[in-house]
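# Observations on the model geometry
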Amino acid sequence: MKFENIQQQAQREWEAFNRLERPRILIGAVTCGRAAGALSVRAAFEKELATRSIAADFYEVGCLGMCYAEPLVEIGLPDGQRVMYNNVTEKMVADLVEDVIENGNPRPDLALATLGDAAIEGIPDVSNLPMMEGQVRIILRNAGLIDPTNVHHYVARGGYSGLARALGMMPEEVIKEVKNSGLRGRGGAGFPTGIKWEFARRTQNNTKYVICNADEGDPGAFMDRAVLESDPHAVLEGLTIAAYAIDASQGFIYIRAEYPLAVERLNLAIRQMEELKFLGENIMGTDFNFSIRIKEGAGAFVCGEETALIASIEGRRGMPSSRPPFPSDCGLHGKPTIINNVETLANVSEILNRGAEWFTRYGTEKSRGTKTFALAGKINRTGLIEVPLGITLKDIIFNIGGGIPDGKKFKAVQTGGPSGGCLPEELIELPVNYEELTKAGSIMGSGGMIVMDEDSCMVDIARYFLEFTHKESCGKCTPCRMGSQHLLRMLTEITEGKGTPGHIDTLVKLGETVKSGSLCGLGQTAPNPVLTTVRYFRKEYLSHITDSRCPAGVCQELITYSINENCTGCRVCLRACPADAITGEKKELHVIDPDKCTRCGTCMDVCKFDAVVIS
Ligand SMILES: Cc1cc2nc3c(=O)[nH]c(=O)nc-3n(C[C@H](O)[C@H](O)[C@H](O)COP(=O)(O)O)c2cc1C
Ligand code: SF4
Ligand code: SF4
Ligand code: SF4
């Protein structure tokens, strides 16, 4: 079938999807929604509707990014009313069915936002939600809006038009278009995508490969998973365009096996592409042939590094190797190979659809476009956001993320995953782009963003991240293998009150050595949390070392629990203490024996009178 006919059919299906001849229920049901209970909520809706003999259409859609509000359910009615409800529980379902679906009452008290054209008093439009205002959704253009299992929904919203356009251009022109867009790789290093493709195009070889890197090993990062589960075709289209540009006929998606839903969606999407002749032989009636295979990885962080990833696909142990040669010269099975991140490829499909000039309207001169971030930690609105590069940390954390919970004070933000730097309040106005983050000692990384409040100990945070990178070090080169071990040992000593003033200088010197002497990006960035916390929070290190004090009250060896005059003598803590460290008569002030206390924190958790304090 010709692409125009596929587009017409897609348009008809998309219009039918939005016509709503009967109630339509959309449930955000990718992995994050499911973890919050989306599937039980769906089952409860089905049961309730069946009991009341109401016919309705159900669709599981992707992730809108509002993790804090999941499960999210959108109820649409034939009269045009479309309202989204947040934190929906099974208990709420009967009310929603009776009030919203049967009686047409939109229940503003339970609603989060309206969608579509019909405004409803007392309910904001979704685009006016503070978490949505300020976002620009290119990578997430379809997430939460389409049925990710329906290729026609994707086509109806412009999908595969980029591939059709690319196939009408010379491969060199496609590369030029990507170069003109200024797109930089979103996997971490920010290397210009068009230039990488040009290298691979120029390398003469009959066999070339393209690989989509969907390893996503950073703890707390879920941007790529959300894109693959919510809009797999956006990535597959980008990969196919990349293959055409460099003249590859085989592609791979390297994805961790812990992402079963993403793998399922990709497998289905690949079958759909084959049926529509977007993959296989003579794609869209041209002489371009291309196929895609999925390779599931076992989940080692280092396997996201491109040379380790290649080794893993080849069936070897996933260990990085030195570059040059770069994969664009000598990659998978010794052939020219390009490796691009999920997000990079989701950008490519839209750049080819809308043109490079359109893309350059977003971002800054050297960091064009948008970036997704997984907002986590001490922040009110956790979730997945997409913002133009150049936006400030303050806008992300306070306007989009809603600031710090419980009236606590912002202390630091870590960008870039476990190897990123911790940036302090003084840098809250920092524009988020590749150059500024690097200057500040951090990295863009793949998009993790962890917010910390006054209760976070920066030495402990550095120790925590280093523990991760140390465990994930493949051990091939000494600076990373041994250096990370010594850094971790010194940090642990400081958190245990065994640090000396010399520790700080040694941490810095060793950190710099590990950075400059390590073979791959893991070792080259692993010291970032240590170096930035020493740079911006030196006083906190000194408190641990010279005063044996953890100002945030986190490091167990450096804190003492005691009971103040708020104590009512209720005896709750005394009964709960596992170490029998608390004594006191009923209705009298209780006392903690510091020699017996194991600092487990139970007394503080159970006391309702704020009488247990840390010093
Ligand atoms: C330890 C380590 C882990 C990495 N993990 C990933 C990953 O999960 N996903 C990714 O796209 N890139 C990851 N990278 C970066 C890749 O090596 C590579 O630069 C990237 O996939 C290239 O794609 P891009 O040009 O589109 O950014 C990692 C790098 C290192 C050093
Ligand atoms: S830097 Fe670390 S992870 Fe990378 S090759 Fe060396 S030991 Fe392995
Ligand atoms: S729980 Fe609180 S109020 Fe009750 S005895 Fe313990 S410290 Fe006192
Ligand atoms: S911190 Fe734990 S061990 Fe110490 S007094 Fe409280 S409950 Fe007992």
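Whatever comes next refers back to the structure up there.
Residues numbered from 1 in each chain as written. Chains lettered and ligands numbered in written order. Predicted model: local features only at pLDDT ≥ 70, side-chain atom pairs only at ≥ 80, totals over all residues. Heavy atoms only, no water.

## What about the overall build of the chain?
The secondary structure content of the chain amounts to 24 helices and 18 strands. A compact globule built from 615 residues would reach a C-alpha radius of gyration of about 25 Å, and the chain, at 27 Å, matches this within 12%. Taken over the C-alpha atoms alone, the chain extends approximately 85 × 65 × 40 Å along its principal axes. Across the 615 residues of the chain, 56% fall into the buried class. (Helix = DSSP H or I, 4+ residues; strand = E, 2+ residues; numbered from the N terminus. Rg over C-alpha atoms; globule rule 2.2 N^0.38 Å. Buried < 20%, exposed > 50% of the residue type's maximum accessible area, 1.4 Å probe, protein only.)

## Examining the environment of F17
Take F17: it is sitting in helix α1 (residues 3-19). It is 66 Å that separates the C-alpha atoms of F17 and K587, two residues lying 570 residues apart in sequence. Excluding residues within four positions of it along the chain, F17 makes contact with R24, L26, Y59, L145 and H153. (Contact = heavy atoms within 4.5 Å.)

## Focus: the site of ligand 2
C474, K476, C477, C480 and C520 are the nearest of the 13 residues found near ligand 2. Residues of the shell around ligand 2, tallied by class, amount to 8 nonpolar, 4 polar and 1 charged. (Near = heavy atom within 4 Å. Nonpolar A, V, L, I, M, F, W, Y, C, P; charged D, E, K, R; others polar.)

## Description of the pattern of salt bridges
Evaluated as defined, the whole model comprises 36 salt bridges. Residue K179 is joined to E198 by a salt bridge in which the shortest nitrogen-to-oxygen separation is 3.0 Å. Taken together, the residues K179 in helix α7 (residues 171-181) and E198 in helix α8 (residues 193-202) connect sequence positions 19 residues apart. On the basis of relative accessibility, which here comes to 35%, the residue K179 falls in the partly exposed class. Overlapping salt bridges, with partners in common, bring together R34, R42, E46 and E60 in one network. (Salt bridge = Lys/Arg side-chain N within 4 Å of Asp/Glu carboxyl O.)

## Digging into the site of ligand 1
The environment of ligand 1 is formed by 18 residues, the closest being G187, K196, E216, N341 and T344. For ligand 1, an oxygen atom lies 2.7 Å from a polar atom in the backbone of G187. Mapped by element, the contributors of at least two residues to the shell around ligand 1 are β9 (337-341) and α20 (521-525). Top contributing element to the shell around ligand 1 by residue count: β9, with 3 residues. (Polar contact = N/O pair within 3.5 Å; in protein donor to acceptor, adjacent residues only side chain to side chain.)

## Examining the pairing of strand β1 (residues 24-28)
Across a regular strand the side chains alternate sides, sitting on one face of the sheet and then on the other. Within β1, 5 of the 5 residues are buried, leaving the element largely enclosed by the surrounding structure. Here β1 shows no split at all, with R24, L26 and G28 on one side and I25 and I27 on the other all buried. Across 4 bridges, β1 lies against strand β3 (residues 73-76) in antiparallel orientation. Residue pairing in the sheet places R24 in a bridge with G76 of β3. Bridge count for β1 against strand β2 (residues 57-61) is 5 bridges, and the pairing is parallel. Note on β2: the bridge partner recorded for L26 is Y59. (Pairing = 2+ DSSP bridges.)

## A few points about the sheet that holds strand β8 (residues 291-297)
With respect to topology, 4 strands assemble into an open sheet ordered β8-β7-β6-β9, the strand pairing being parallel. Each having just a single partner strand, β8 and β9 make up the two edges of the open sheet. When the angles between neighbouring strand axes are averaged without regard to direction, this sheet yields 20°. Two strands pair when backbone bridges link them, and strand β7 (residues 250-256) and β8 are joined in this way by 7 bridges, in the parallel orientation. Pairing of F252 across the sheet is with R293, part of β8. (Axes fitted to C-alpha atoms, helices over the stretch in contact; angles between N-to-C directions.)

## Overview of the sheet that holds strand β11 (residues 383-388)
The 5 strands lie next to each other as β11-β10-β14-β12-β13, forming an open sheet whose pairing is mixed. Each edge of the open sheet carries a strand with a single partner, namely β11 and β13 (422-424). Sheet twist, expressed as the average angle between the axes of neighbouring strands with direction ignored, equals 30°. Along the sheet, helix α9 (residues 223-230) contacts β10 (370-377), β11 and β14 (448-453); its crossing angle with β10, the most-contacted strand, is approximately 115°.

## Here's the deal with the side chain of D215
In this structure, D215 sits in the loop between β6 (209-214) and α9. Polar side-chain contacts of D215 include one of 3.2 Å to the backbone nitrogen of G304. In contact with D215, other than residues within four places in its own chain, are Y254, R256, A300, F301, C303 and G304.

## Overview of helix α17 (residues 458-472)
Every α-helix winds through 3.6 residues per turn, so residues three or four apart in the chain are directed the same way. Taking 1.5 Å per residue as the helical rise, α17 with its 15 residues ought to reach 21 Å, and the 21 Å between its terminal C-alpha atoms agrees with that figure. Of all the positions in α17, only M458, V459, I461, A462, R463, F465, L466 and T469 are classed as buried. (Expected span 1.5 Å × (residues − 1).)

As far as function goes, none of this settles anything; it's purely spatial.
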